[in-house]
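Structural characterization, general
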Amino acid sequence: MEKEVIIGKLTSIFKDVFSDEKIVVEGNLTADDIGSWNSLSHMLMITEVENSFSIKFRLKEISKLKNVGALIELVESKLS
């Protein structure tokens, strides 16, 4: 799957989970950049990503994510 397609799907997920139509998904985006990003919304977002891409993350993988760029790379690696 192309990176642009992944980013498009993530953008839709982020706008829905964080209830913010202005979110722009890019590599350096972090939880600090989104006011409604907390531990609960984080897990909802992870679940939506897993469901949308039909993949599963290990807890260790999730805990290593530092920004959305790392999430994009992780999704790419799961799909390849």
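Residues numbered from 1 in each chain as written. Predicted model: local features only at pLDDT ≥ 70, side-chain atom pairs only at ≥ 80, totals over all residues. Heavy atoms only, no water.

With that out of the way, let us pick up the overall build of the protein. Of the regular secondary structure elements, the protein holds four helices and zero strands. Along the chain direction, N to C, the helices and strands of the protein fall in the order α-α-α-α. For 80 residues, the compact-globule estimate of 2.2 N^0.38 gives 12 Å, and the C-alpha radius of gyration of the protein, at 11 Å, lies within 12% of that figure. Going through the 80 residues of the protein one by one, you find that 36% of them count as buried. (Helix = DSSP H or I, 4+ residues; strand = E, 2+ residues; numbered from the N terminus. Rg over C-alpha atoms; globule rule 2.2 N^0.38 Å. Buried < 20%, exposed > 50% of the residue type's maximum accessible area, 1.4 Å probe, protein only.)

Moving on, we get to the environment of Phe53. Structurally, Phe53 can be placed in helix α2 (residues 39-53). Remark: the alpha-carbon pair of Phe53 and Val75, spanning 22 residues in sequence, is separated by 7.9 Å. Sequence-distant contacts of Phe53, that is, excluding residues within four places in its chain, are made with Met1, Ile6, Lys9, Leu10, Val75 and Leu79. (Contact = heavy atoms within 4.5 Å.)

Pairs of aromatic rings are described using the distance from one ring centre to the other and the angle between the two planes. Inspection of every chain in the model, using the stated rule, returns three aromatic pairs. Pairing Phe14 with Phe18 gives two aromatic rings, centres 5.4 Å apart and planes at 65 degrees, and the pair type is edge-to-face. Judged by relative accessible area, which is 3%, Phe18 ranks as buried. Pairwise contacts between aromatic rings join Phe14, Phe18 and Trp37 into one cluster. (Phe/Tyr/Trp six-rings, centres within 6.5 Å; stacked < 30°, edge-to-face > 60°.)

Limitation: the analysis is restricted to geometry and does not speak to function.
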